[in-house]
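Chains, contacts and geometry: an overview
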Amino acid sequence: MEYKNKTIIITGASSGIGRTLALKLSEHQNQIVVTARRSDLLHNLKTEIESRGSECLCFVGDATISSHADLVVKETLTKFGKIDIAILNVGIGPSSNTIKNTREQFLFVMRTNYDSMVNFFVPILQALKTQKTPSMVCHVNSLATYFGIPMQGDYTASKAAARVFLETARMELKHFGYNQIRIQTIHPGFVATEAVKNDGVPAPGEISEEKAVDYILKGIQSEVYENRFPFATAFAVRLGRILPNWIRTKILLSEAAKEY
């Protein structure tokens, strides 16, 4: 799918991959709708987008609140009359410990990574079902979605939930005849964003935000179901999925923190 002269929603847009995506897409005469919690960063982004020749709406709010998602979708349709591409990018991934962290900490990660996606997916899909032109919903997931990883239990669980949900949505859309709607899950490896700068998690094969965005845009154009990158990390994960559990566990624990 091409990404020029499109109406594009980007959640989690104030920093990291979301911000870099918005700026890159602003070079292609798009109508870009950005949303995030941090007002100053979001309004600065709006100014940059418009300086590059694209229109921009921005909505400050919390993606874990369903009414905020409803408002963003409603106002986007009122202003531009359609949605071509939605990139659902809200997410956090702090180091965790399933035998130490609190219930509240675990559920906060699930709300942020899974609930926020569902909050936007539902009203966006309702709009796309009424449109006849091709459209796409992309979710920025992770390569850390296929099996448990020490010190990342709540993160991997939330990402796996989102992946399986969207796999099912893809099948159901096809089954019920909504062939104009594409569902894509984006699986980056380690990306050097501000959010993970000092998180203490090993990051082999780490790439820049700009390189990650290049992969994402190529994936949107090719319309692959799952966009996994970079190759070396994606291949290692693919290998890990077929290894016997005891071997995979030994490898993963060799990278885990030594202190409880």
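Below you will find a few notes about this structure. (Residues numbered from 1 in each chain as written. Predicted model: local features only at pLDDT ≥ 70, side-chain atom pairs only at ≥ 80, totals over all residues. Heavy atoms only, no water.)

Turning next to a nonpolar patch on the surface. Residues F231, F235, L239 and I242 make up a contiguous nonpolar surface patch of roughly 480 Å² in combined accessible area. Position of F235 relative to the elements: it lies in helix α7 (residues 231-242). Judged by relative accessible area, which is 47%, F235 ranks as partly exposed. (Patch = residues over 30% accessible without salt bridge, like charges linked within 9 Å, V, L, I, M, F, W, Y side chains within 5 Å. Areas by Shrake-Rupley, 256 points an atom, 1.4 Å probe, with all protein chains shown as cover. Salt bridge = Lys/Arg side-chain N within 4 Å of Asp/Glu carboxyl O. Helix = DSSP H or I, 4+ residues; strand = E, 2+ residues; numbered from the N terminus. Buried < 20%, exposed > 50% of the residue type's maximum accessible area, 1.4 Å probe, protein only.)

Looking now at the layout of surface pockets. Approximately 180 Å³ is the volume found for the second largest pocket. What lines the second largest pocket is a set of 13 residues, among which R170, N179, I181, R182 and Y225 lie closest to the centre. If you tally residues by element for the lining of the second largest pocket, the top one is strand β6 (residues 181-188), at 4 residues. Of the residues belonging to the lining of the second largest pocket, the class tally is 7 nonpolar, 2 polar and 4 charged. (1 Å grid on protein atoms, 1.4 Å probe; cavity = no way out; pocket = protein on both sides within 12 Å on 5 of 7 lines; lining within 4 Å. Points joined across faces, edges and corners; volume = space filled by probe spheres on them. Nonpolar A, V, L, I, M, F, W, Y, C, P; charged D, E, K, R; others polar.)

Turning next to the environment of K132. Its location among the elements puts K132 in the loop between α4 (103-128) and β5 (135-140). Residues K132 and Y178, 46 residues apart in the sequence, show an inter-C-alpha distance of 9.1 Å.

This brings us to the side chain of N30. Tracing the sequence through the fold places N30 in the loop between α1 (16-25) and β2 (31-36). The class of N30 is buried, set by a relative accessible area of 1%. There is a polar contact of 2.9 Å between the side chain of N30 and the backbone oxygen of Y3. Separated by 3.0 Å, the side chain of N30 and the backbone nitrogen of N5 make a polar contact. In this structure N30 touches Y3, K4, N5, K6, I8, L25, S54 and E55, once residues within four positions along its chain are discounted. (Polar contact = N/O pair within 3.5 Å; in protein donor to acceptor, adjacent residues only side chain to side chain. Contact = heavy atoms within 4.5 Å.)

Looking now at the packing of aromatic side chains. The geometry of an aromatic ring pair comes down to the distance between the two centres and the angle between the two planes. For the structure on display, the rule yields 4 aromatic pairs. Relative to F165, the ring of Y114 has its centre 6.2 Å away and its plane inclined at 90 degrees; by these criteria the two rings are edge-to-face. Of this pair, Y114 sits in helix α4 while F165 is found in helix α5 (residues 153-175), placing the two residues 51 residues apart along the sequence. In this structure F165 comes out as partly exposed when scored by relative accessible area, which is 28%. Every member of this aromatic cluster is reached through a ring pair, and the members are Y114, F121 and F165. Above the ring of Y215, the side-chain terminus of K211 is found at 5.3 Å from the ring centroid. (Phe/Tyr/Trp six-rings, centres within 6.5 Å; stacked < 30°, edge-to-face > 60°. Lys NZ or Arg CZ within 6 Å of the ring centre and 35° of its normal.)

A separate point is the pattern of salt bridges. Per the counting criterion, the structure on display carries 9 salt bridges. Three or more residues joined by partner-sharing salt bridges are found here, namely K24, E27 and R52.

Bringing the sheet that holds strand β1 (residues 7-11) into the picture now. The sheet built from 7 strands is open, its strands ordered β3-β2-β1-β4-β5-β6-β7 with parallel pairing. Two strands lie at the open edges of the sheet, namely β3 (55-60) and β7 (226-229), each paired on one side alone. On average, adjacent strands in this sheet sit at an angle of 15 degrees to one another, irrespective of strand direction. Of the strand pairs in this sheet, β6 and β7 are connected by 4 bridges, and their pairing is parallel. When the sheet's bridge partners are listed, H187 is paired in β7 with R228. Along the sheet face, helix α6 (residues 209-222) touches β4 (85-88), β5, β6 and β7 and points at about 155 degrees away from the line of β7. (Pairing = 2+ DSSP bridges. Axes fitted to C-alpha atoms, helices over the stretch in contact; angles between N-to-C directions.)

With that settled, consider the packing of α1 against α6. Relative orientation of the contacting elements α1 and α6 amounts to 65 degrees, with a least axis distance of 9 Å. The crossing of α1 and α6 is right-handed. Counted together, G16, I17, T20, L21, K24 and L25 of α1 and E209, E210, V213, I216 and L217 of α6 form the full contact between these two elements. The residue makeup of the contact of α1 with α6, split by class, is 6 nonpolar, 2 polar and 3 charged. (Left-handed = near helix turned anticlockwise from the far one by under 90°.)

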